[in-house]
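Examining the three-dimensional arrangement
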Amino acid sequence: MSATMAPTGDDLQQIAEQVWASYLDTDGEKPLVPLPPDKLSRDVVAGVAVSGAWHGLVLVACSSTASKEAAAALLGMGADEVSEGDVDDALGELANVIGGNVKSLLPEPCTLGLPEVHNDADNDPWLTGDEICRFEATWMGEPMEVSVLEKPQGGETE
Amino acid sequence: MVIDDSRAMRLILRRIVSGLNFDVVEAGNGREALDRLAELEVVPELALIDWNMPEMNGLEFVTAVRADKKYRGMTLMMVTTESEHGQIVRALAAGAHEYVIKPFTPDAIVDKLVMLGLIPDGAHA
């Protein structure tokens, strides 16, 4: 893939599957299934801003249940023990890793911001932009979504 | 020493290197890592360093450590999502010995530590 091509849904799938295999499904028992869920959920949205030669956001969105399962898997604890801070840390790191890999597909030079985790996605001005690609999946029966939003150049991403 | 602003990532790295018989200290950013280093009686053999962190990023930490003779013996390995060629070159020029791009498998970390001579080949099997 050329460094100047825009990422696609297939790219997002490949990146997400690598991340899952490395951190969330290391024994192959909890795979990320590339099937659109019956119903999307954006209870928790973690994102990183990309700025520089390209401006936008890389987002990971999922249900509250999936966010707790992800935090539990990353932190080695039970989902019922997970705190809000654990979810923010875990989802933020997932967005950071996925965002860094998406950045490698964008024009250089770009800078990755620090991850942010938002819980009211529908009313959040930070989470706006033109969607250029999306990957929808199901994980442990819960909806999971990775997307890339482009912001008009000069638009605020930080 | 594991330096990453994500507790989850610190835990993942801690598990890997603890399994190789390293004692692990953690820090959430470069500034905190420098403070921890100043407190330690023994200089850590190895630091695994994220790039994007608040307060002091990984590149700034590498630069600071390399400027201090006390830490000359520390092996510095960037473990980061930064994969632009220019960024990798900058980190290595600043004094990092190795570079691992996230997501990584435990084997990727182990292989780098073998290459650096910090663990014998096969010790992790």
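Analysis parameters
Residues numbered from 1 in each chain as written. Chains lettered and ligands numbered in written order. Predicted model: local features only at pLDDT ≥ 70, side-chain atom pairs only at ≥ 80, totals over all residues. Heavy atoms only, no water. Salt bridge = Lys/Arg side-chain N within 4 Å of Asp/Glu carboxyl O. Helix = DSSP H or I, 4+ residues; strand = E, 2+ residues; numbered from the N terminus. Buried < 20%, exposed > 50% of the residue type's maximum accessible area, 1.4 Å probe, protein only. Arc of directions from axis to C-beta. Contact = heavy atoms within 4.5 Å. Polar contact = N/O pair within 3.5 Å; in protein donor to acceptor, adjacent residues only side chain to side chain. Buried area = accessible area lost by both parts, 1.4 Å probe. Nonpolar A, V, L, I, M, F, W, Y, C, P; charged D, E, K, R; others polar. Phe/Tyr/Trp six-rings, centres within 6.5 Å; stacked < 30°, edge-to-face > 60°.

**A look at the pattern of salt bridges**
Across all of its chains, the model carries 14 salt bridges over all chains by this definition. Two residues, Arg10 of chain B and Glu26 of chain B, come together in a salt bridge whose shortest N-O distance is 2.9 Å. Of this pair, Arg10 of chain B sits in helix H1 (residues 7–18) while Glu26 of chain B is found in strand S2 (residues 26–27), placing the two residues 16 residues apart along the sequence. Glu26 of chain B serves as the salt-bridge partner of Arg14 of chain B, at 2.5 Å between the closest nitrogen and oxygen. Here Glu26 of chain B lies in strand S2 and Arg14 of chain B lies in helix H1, a separation of 12 residues in the sequence. The class for Arg14 of chain B is partly exposed, based on a relative accessible area of 29%. Connected through shared salt-bridge partners, Glu93 of chain A together with Asp4, Asp50 and Lys102 of chain B make up one network.

**Some points on helix H2 (residues 30–39) of chain B**
Residues and elements named next belong to chain B. Along H2, the residues classified as buried are Gly30, Ala33, Leu34 and Leu37. Seen from one end, H2 has its buried residues packed into an arc of 100°, which puts them on one side. Across H2 from its buried face, at more than 90 degrees, point the exposed residues Ala38 and Glu39. Those residues of H2 hidden inside the fold are in contact with strand S1 (2–3), S2 and helix H3 (58–66). With a side-chain oxygen lying 2.9 Å from the backbone nitrogen of Arg31, the N-terminal cap of H2 falls on Asn29.

**Quick look at the interface of chain B and chain A**
Contacts between the two partners involve 20 residues from chain B, matched on the other side by 21 residues from chain A. Between chain B and chain A, a total of about 1,800 Å² is buried, with carbon and sulfur atoms accounting for 51% of that surface. Between the two partners, chain B and chain A, sit 4 salt bridges. The closest approach of N and O atoms between Lys103 of chain A and Glu84 of chain B, which form a salt bridge, is 3.1 Å. There are 10 residue pairs in polar contact (both at pLDDT 80 or more) connecting chain B and chain A. Residue composition of the side of chain B that touches chain A, by class: 8 nonpolar, 5 polar and 7 charged.

**Observations regarding the packing of aromatic side chains**
Per the counting criterion, the structure on display carries 2 aromatic pairs over all chains. With centroids separated by 5.9 Å and ring planes inclined at 85°, the aromatic side chains of Trp20 of chain A and Trp139 of chain A adopt a geometry described as edge-to-face. Within this pair, whereas Trp20 of chain A is found in helix H1 (residues 9–24), its partner Trp139 of chain A is found in strand S6 (residues 130–139), the two being separated by 119 residues in sequence. Taken individually, Trp20 of chain A and Trp139 of chain A each receive the classification buried, so the pair is uniform in this respect. Relative to Phe104 of chain B, the ring of Tyr23 of chain A lies with its centre 5.5 Å away and its plane at 75°, an arrangement referred to as edge-to-face. Taken together, the positions of Tyr23 of chain A in helix H1 and Phe104 of chain B in the loop between strand S5 (98–101) and helix H5 (106–115) put the pair across two chains.

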